[in-house]
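Chain and residue survey
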Amino acid sequence: MLWDENSQNCLDYSPVILRIHNLTASQYLRRISAEKGLLHVAQEDRETLENVRGEARRHVRSYDIKYRILDDDDQLKWIHEISQPFDVEGDKLLTSIRSMQDVTDDILKREQLEREMVFIQQIERAAGLGVFVWDIETQRNLYCSDNLIHLHGMELSELEATADGEQGDVDMAVPQDRARLATEYENSRLYGTPIDIEYRYNHPQKGLRWFHEIASRRNLGEGKRQVTMGVLRDITDRKRIEQRVHEQRIIASEAERTNLAKSEFLSNMSHELRTPMNAVLGFAQMLQHDPKNSLTPMQHEHVDSILKGGYHLLDLINEILDLAKIESDQLRLVVEEIDAGDVIAGCVALSIPLGQSRNINLIHKQNPKSAPLMLRTDRTRFTQALLNLLSNAVKYNKDGGTVTVDCWETDEGFCRIAVVDTGIGITRRDYDSVFQMFHRLGIDAEITREGTGIGLTVTKLLVERMAGQVGFESEEGVGSTFWIELPMTTNKKALIWSDILSVGINAIDKDHQVIFRLLNKLTNRTVNDSDLDNLIEELADYMGHHFRREEAIMEVCNDPKLAEHSEHHRVHLAELSDKISSWHIHHDMASLRELRQFLRNWQTGHIMNMDCDISRHTCGKEQLIRAALAQLK
């Protein structure tokens, strides 16, 4: 366009101008003159454009500006305008040549790119990633993202000066890691191998940090320029967690060995003590009932004391033996369908004599019209657990009191059996110690001398092995309610370990029992439980630990299905990670339910379909297995 600076009118123009403004020639000439060259200019850009044009006119100089217009169809356009002086008289500008170009597409693309770059940078910061592009030929950084600079705790100029060349990058690592890092870089440069390395770095402000660097060689654009593109991540927090987990695993391993040794000792001692104790009781009974040598009243009293103390000690030995079996995962359960009412009735009948001397009444609440509550559990161990609760309810009751047993189905598919007494109750300060070994309930000195102090501990462990729960409510001076919950036959969520699931390899079977217990704990938690996240992480960590042990056993036994089995483990851990991530994001019942179902289905299916096959290759290789597992520790 040729523009008259005096009259502020258009002298000549190219057809492109008409297309930009979406006007005919007559419309354009009429309106451009009337609006003094500000045709369609957006209101927010007018003042700036007038000032730039005025300065160019007064000082006889060129200008270069971008501004927005709204054409006749109200379409926003970006115009790039360049003006050059054409006719000058002295220091006065007469005419100028203005070129106009529609640059809307370019600016919109640039804005979109800028938004995408901001979005990418936000992702980098959220993920803790720093991005870099390294020129292999010049040994220089072509690009460093803002977050990469932030990770190093330096300004860009300082980082470029410090990391001058590949050796500079190596020198930024701590001295102990430089050789590994230099070898990784050299292999990438010579052979094109990907970089995947963790190393330490002394941050100027934060001190020692751990970095994880991943990179690979690429051709830049269409040319032959080779670069290494990669990402850097600060993994210091992860390393600290891994260190804590490692330390906890060592502690847990030591505790497991100590606990196993203790259980084996208790088991052996229990067997050793039970035989002579039975002999003592037998000879005492013979003394009482020997018709040829009748005892005096005083001798009868002494023999009664021997029998009373002996039976008490035998109860203690039996309970210690049970405890040792449970803790060493040697307890055998026979899972069957049983009627809860039948077992309760039998236990109440057996316990009635315990309360007769103190006039304590035992009541079994039952509705003859209600349907039987069918459980999936071990009859003998259920009976043992319930008898322990009934014994305590009588022992810590008041003379003339009552013990009531009731049961009902819960919403979660368990049968709750509640034993309610009218006894002395439990003080608030004793709540945390109720299920601890050798802790005796009550405040009456005479009462607390009775019992072994192990019954509730054994009861809790037995019920948990049967995929149940145990708990209590109590008010001092009023009484207590102890309850156990065991899975109904309709409950497919609870996992009970039984011999049918055994694969015949001690280490694997014990791992499976631990996982079952953790799964059952997870099943019994709600979304609001404060320890739920820790339990999920513990379960995931233990499953990874178990998989490594299982694969080590298969490898040392030359199992031909090791690769297939390992792939199943890998897929499972990947899917488990996804489920846990979903839980962390949503933290709702749906994601928790999905996680539980996935773990239950996989665990039982994997044991029955794959793990049972491992034992075919382990016969006679116990020493090799022990050695392989010892190396993992």
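Everything numeric in this text was worked out from a predicted model, so none of it was measured. (Residues numbered from 1 in each chain as written. Predicted model: local features only at pLDDT ≥ 70, side-chain atom pairs only at ≥ 80, totals over all residues. Heavy atoms only, no water.)

**Digging into the overall build of the protein chain**
The helix and strand tally for the protein chain stands at 19 helices and 17 strands. Summarising its shape, the C-alpha atoms of the protein chain cover approximately 155 × 60 × 45 Å along the three principal directions. The burial tally for the protein chain puts 44% of its 633 residues in the buried class. Residue pairs in contact within the protein chain that sit at least 24 positions apart in sequence constitute 61% of those at least 6 positions apart. Carbon and sulfur atoms form 52% of the exposed surface of the protein chain, whose accessible area is close to 34900 Å². Here the protein chain holds 75 positive side-chain charges and 101 negative ones, and the gap between their average locations is 2 Å. (Helix = DSSP H or I, 4+ residues; strand = E, 2+ residues; numbered from the N terminus. Buried < 20%, exposed > 50% of the residue type's maximum accessible area, 1.4 Å probe, protein only. Contact = heavy atoms within 4.5 Å. Areas by Shrake-Rupley, 256 points an atom, 1.4 Å probe, with all protein chains shown as cover. Lys, Arg positive; Asp, Glu negative; His and termini not counted. Charge placed at Lys NZ, Arg CZ, Asp CG, Glu CD.)

**Brief notes about the sheet that holds strand S10 (residues 226–234)**
The five strands are arranged S7-S6-S10-S9-S8 in an open sheet whose pairing can be described as antiparallel. Because the sheet does not close on itself, it has two edges, and the strands there are strand S7 (140–144) and strand S8 (195–203). Ignoring which end each strand starts from, the neighbouring axes of this sheet average 30° apart. As defined by bridge partners, S8 adjoins strand S9 (residues 207–219) across nine bridges and the pair is classed as antiparallel. If you follow Glu198 over to S9, its bridge partner there is His212. Together, S8, S9 and S10 form the strand contacts of helix H8 (residues 175–191), whose direction differs from that of S8 by roughly 140°. (Pairing = 2+ DSSP bridges. Axes fitted to C-alpha atoms, helices over the stretch in contact; angles between N-to-C directions.)

**Considering the pairing of strand S12 (residues 361–364)**
Along S12, the buried face is formed by Leu362 and His364; none of Asn361 and Ile363, which line the opposite face, is buried. Pairing of S12 with strand S14 (residues 402–409) involves four bridges; the strand directions are parallel. Looking across to S14, one finds that Asn361 is bridged to Thr402.

**Structural notes on the side chain of Glu550**
Looking at the secondary structure, you find Glu550 in helix H16 (residues 532–556). Buried charge Glu550 goes without a salt bridge, the closest partner of opposite sign being Arg549 at 8.9 Å. A polar atom in the side chain of Glu550 sits 2.9 Å from the side chain of His569. With residues near it in sequence (within four places) discarded, Glu550 still touches Ile508, His512, His565, His569, His606, Asp611 and Ile614. (Salt bridge = Lys/Arg side-chain N within 4 Å of Asp/Glu carboxyl O. Polar contact = N/O pair within 3.5 Å; in protein donor to acceptor, adjacent residues only side chain to side chain.)

**Regarding the packing of aromatic side chains**
Evaluated as defined, the whole model comprises nine aromatic pairs. Taking the centre distance of 5.3 Å and the plane angle of 20° together, the rings of Phe472 and Phe482 count as stacked. Here Phe472, found in strand S16 (residues 469–475), pairs with Phe482, found in strand S17 (residues 479–487); they are ten residues apart in sequence, far enough to count as distant. Residue Phe482 is classed as buried on the basis of its relative accessible area of 9%. The rings of Tyr431, Phe435, Phe472 and Phe482 are connected pair by pair, giving a single aromatic cluster. When the ring centre of Trp210 is taken as reference, the NZ or CZ atom of Lys239 above it lies at 4.6 Å. Above the ring of Trp483, the side-chain terminus of Arg416 is found at 3.7 Å from the ring centroid. (Phe/Tyr/Trp six-rings, centres within 6.5 Å; stacked < 30°, edge-to-face > 60°. Lys NZ or Arg CZ within 6 Å of the ring centre and 35° of its normal.)

**What to know about the pairing of strand S4 (residues 76–89)**
Relative to S4, strand S3 (residues 63–70) runs antiparallel, the two sharing eight bridges. Counterpart to Tyr67 in the pairing with S4 is Ile79. In textbook terms, the turn of a hairpin is the stretch between consecutive antiparallel strands, and for S3 and S4 this stretch comprises five residues, one of which, Asp74, has a positive phi near 60°. Between S4 and strand S5 (residues 92–102), which follow one another and run antiparallel, lie two residues, and Gly90 among them has a positive phi close to 65°.

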